[in-house]
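Structure assessment
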Amino acid sequence: MDRLIHLVVVQFKPRKGDYAANLARLAGIFSQIDNLDPRPDVAVFAETALTGYFVEGGVRDVALTAGALARDLNAQYLAAVNTPRPLDVCIGFYEVWNNAFYNSALYVTLGGDGPLIRHVHRKLFLPTYGLFDEERFVDRGFEVRAFDTDFGRVAMLICEDAWHSLTGTVAALDGATMIFVVSASPGRGVWPREGEGPVPANLKRWERLARDIAEEHGVFVALVNLVGTEGGKTFSGGSIICGPHGDVRAQAPLWDEAILTISLDPEDLTRARSDVPLLTDLQTMMPHLMRNVDRIQAGEKRELTFDDAPTGGGPLTPLGHTGDGERADAPSTEESGRQPEEVAGRAKKSARTNKKQSPKRTRTGADAKLNGAEPITVMRASSTPAGPPPLDIDPELTSKWLVAFLREEFERRNFERAVVGLSGGVDSAVTTFLAAEALGAENVLAVRMPYRTSSPDSLAHAQLVIDAAGVRSRTVDISAAVDGYLSNEPDADPARRGNVMARERMIVLFDQSAKCHALPVGTGNKTERLLGYFTWHADDSPPINPLGDLFKTQVWQLAKFLGVPEVIVNKPASADLIAGQTDEGDFGISYPEADKILNWLISGYSPAALAARGFDPNKVEIVRKRLAGTHWKRKLPTVALLSPTGIGESYLRPVDY
């Protein structure tokens, strides 16, 4: 029996753009791997593991040749181990090759006299949808090939490559018995899914893809994903290893770095391919399918033949050619030579004979159904038209996700403390609870900033949050500062006065952050952002915001899970800038109604489509007008573009790069 294959998956959190620092960390990881028992044959890292993924225009700064990466890896390996036995490494990186940049994966054997490069795979499918714009920064590869290692034949795919089933097929047809899928896929989807546990929705999709590739082709599949946060996009981890029956053999944790090791039996491949010989079937049919594809690409029309219509040859004869001999399913010469009347007459005579010989039976019960005397039961399925993602969330998953986001952002920006403007409302309360969980309550400063006309309940409710979360607090009355300015503007209307208060609060918040060396944390939710219900360059000013992609109704769900005091969760939402003012009163529509409409509109459905689904057209129009009229508030200032290096247009370096 073949010996076991010892595999280790390294779920790694790179510091974005810092190749040298990430590379230096590998020495410690190689040392850990070298001390494992059994010692691994191969270690697999994720896509762009040493630079981070969303480097955009920074690709040219971090790209290097495969040879340079192999030498760097080997140097770290030799420095980390005492007896440099060979170790195979599969790792994703940004590559410069033939005067072009690629998102690539390197497979190299380390140790010995020097690194031995076995293969370089260049990503074929470059996403340009949703949050991705990869093809702007790198070129495409055009091949999927398997290659030999000391333990078998292997192939590599990079992220979206695996979303196209043909790539796994090509790898298996080239002899691969193990496929490494290296990925940097940000988590998306917090809605609950029965029986699937608290994991991002797209991670379950990834699991299905890996299992399908493994089961269809009878191969081992290791899917390795990054962890960490880049510009608000959180890589979830959850790397998995699948057996050739499509079974999940092992899975790494969500959000955190991990070294996952497993031993695989090559005999499992033989058993799987014997039980379900799909790959053998494919090898037989592939030449015919390839000819089929060639004809499709050539635009060749397929002539439909059926029954006894004459054809141009046998089943493998291309159109326009004739074949020798007679098809096995064609009528015999004797039969085809008879006149139609003769054939029909013989059939009728046979039918009469059979009828005489058959005894009469009464059609009752099951026999009646079989003979068509009774109608077949009609089943009507309920209509389930497509729609946007649900507004219900898995609060446990959401909470862990946002805590991981906050920890990562603070670590990346070299901050240990947070400052939060605590209004006594549900948004700032949830943000305070999350910050306390992520950083420790002692590292969170909650600042209350009342104006003289603010509701006394706001201060009291904020104190409930301070007590429940255990955070530090300070109260700064902004009345004198606001009145000092407004004394020169006696005709200022309530909207102007409210904007002055909101901006004064940001002055206080940022000054406190400078005083305490603490990072300001925003509290605005997705509904407010989409409806433009915030003061520009005030509420939206803090550099990070955990709630900005949660609708208001989702924030309420999360608040209940976190234990925010009920009086805060249940009270009407208010900016508390004007006595008696409420958010929903300003909107002319409730938050639950607005969230449902927004969810449909931003998912690509038109107002007419919503009306057809029973939404009130007047309320849809209220939301649509606010959404369409406030895009400018969600953008950075518009700058006249005069040069070929415009910031944010051509000069693209992410904020956390």
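Scope of this entry: the structure provided in the associated data block. (Residues numbered from 1 in each chain as written. Predicted model: local features only at pLDDT ≥ 70, side-chain atom pairs only at ≥ 80, totals over all residues. Heavy atoms only, no water.)

1. Notes on the overall build of the chain
Helix and strand content of the chain: 22 helices and 18 strands. When the 657 residues of the chain are sorted by exposure, 47% land in the buried category. Once local pairs closer than 6 in sequence are excluded, the contacts in the chain between residues at least 24 apart make up 71%. Within the structure as shown, the chain displays about 33,700 Å² of accessible surface, and the carbon and sulfur contribution to it stands at 53%. (Helix = DSSP H or I, 4+ residues; strand = E, 2+ residues; numbered from the N terminus. Buried < 20%, exposed > 50% of the residue type's maximum accessible area, 1.4 Å probe, protein only. Contact = heavy atoms within 4.5 Å. Areas by Shrake-Rupley, 256 points an atom, 1.4 Å probe, with all protein chains shown as cover.)

2. Regarding the sheet that holds strand S9 (residues 220–225)
Strand order in the open sheet formed by six strands is S6-S7-S8-S9-S12-S13, and the pairing between neighbours is mixed. Looking at strand neighbours, the two that pair on one side only are strand S6 (147–149) and strand S13 (248–251), the edges of this open sheet. Neighbour-to-neighbour, the strand axes of the sheet open up by a mean angle of 25 degrees, direction not taken into account. Pairing analysis gives six bridges linking strand S8 (residues 178–183) to S9, with the strands arranged parallel. (Pairing = 2+ DSSP bridges. Axes fitted to C-alpha atoms, helices over the stretch in contact; angles between N-to-C directions.)

3. Topic: the pairing of strand S16 (residues 444–448)
Extensive coverage of S16 is indicated by the burial of five of its five residues. As paired strands, strand S15 (residues 417–421) and S16 are joined by four bridges and run parallel to one another. Across the sheet, residue Val 420 finds its bridge partner in S16, namely Ala 446. Relative to strand S17 (residues 472–475), S16 runs parallel, the two sharing four bridges. Looking across to S17, one finds that Val 447 is bridged to Arg 474. For the crossover that starts at S16, traverses helix H13 (residues 456–469) and ends in the parallel S17, the hand is right-handed. (Right-handed = clockwise from strand over helix to strand, strands pointing away.)

4. Some points on the pattern of salt bridges
Taken as a whole, this structure holds 30 salt bridges when the rule is applied. One salt bridge in this structure joins Arg 413 and Glu 409, with 3.0 Å as the shortest N-O distance. A relative accessible area of 25% means that Arg 413 is categorised as partly exposed. Lys 526 is the salt-bridge partner of Asp 549, the closest N and O atoms lying 3.0 Å from each other. Pair noted here: Asp 549 is in the loop between helix H16 (526–531) and helix H17 (552–562) and Lys 526 is in helix H16, with a separation of 23 residues, a long-range link. The class for Lys 526 is buried, based on a relative accessible area of 17%. Members of the salt-bridge network, linked through shared partners, are Asp 247, Arg 249, Asp 265, Asp 268 and Arg 271. (Salt bridge = Lys/Arg side-chain N within 4 Å of Asp/Glu carboxyl O.)

5. Describing unusual backbone geometry
Look at the link from Asp 37 to Pro 38: it is a cis peptide, with omega at 5 degrees. One non-glycine residue, Thr 48, adopts positive backbone phi at about 45 degrees. One non-glycine residue, Asn 98, lies in the positive phi region at around 50 degrees. Note on placement: Asn 98 falls in the loop between strand S3 (87–97) and strand S4 (100–110).

6. Details of empty space enclosed by the protein
If you walk through the whole model with that rule in mind, you get one cavity of 30 Å³ or more. The computed volume of the largest cavity comes to approximately 30 Å³. Lining the largest cavity we find Ser 183, Ser 185, Leu 203, Trp 206, Leu 223, Asn 225, Gly 237, Gly 238 and Ser 239. Elements with a minimum of two residues in the lining of the largest cavity: helix H5 (201–217) and S9. When its residues are assigned to classes, the lining of the largest cavity shows three nonpolar, six polar and no charged. (1 Å grid on protein atoms, 1.4 Å probe; cavity = no way out; pocket = protein on both sides within 12 Å on 5 of 7 lines; lining within 4 Å. Points joined across faces, edges and corners; volume = space filled by probe spheres on them. Nonpolar A, V, L, I, M, F, W, Y, C, P; charged D, E, K, R; others polar.)

7. As for the sheet that holds S4
The six strands lie next to each other as S5-S4-S3-S2-S1-S14, forming an open sheet whose pairing is mixed. Pairing within the sheet leaves two strands with one partner each, and these edge strands are strand S5 (116–122) and strand S14 (258–264). Between one strand axis and the next, the sheet turns through 30 degrees on average, direction left out of account. As judged from the three bridges shared by strand S1 (residues 5–11) and strand S2 (residues 42–44), these two strands associate in the parallel manner. Its bridge partner lying in S2, Val 9 is registered against Val 44. Strands in contact with helix H3 (residues 66–80) are S3, S4 and S5; relative to S4, the strand with the most contacts, it is inclined by about 40 degrees.

8. Considering the packing of aromatic side chains
Tallying each qualifying case throughout the model produces 18 aromatic pairs. Ring geometry for Trp 97 against Tyr 102: centres 5.9 Å apart, planes inclined by 55 degrees, an arrangement best described as tilted. By relative accessible area, Trp 97 is classed as partly exposed at 37%. Tyr 102 gets classed as buried once you look at its relative accessible area, which sits at 10%. The rings of Tyr 53, Phe 54, Tyr 129, Phe 132 and Phe 235 are connected pair by pair, giving a single aromatic cluster. Lying across the ring of Tyr 102, Arg 122 places its NZ or CZ 5.6 Å from the centre. (Phe/Tyr/Trp six-rings, centres within 6.5 Å; stacked < 30°, edge-to-face > 60°. Lys NZ or Arg CZ within 6 Å of the ring centre and 35° of its normal.)

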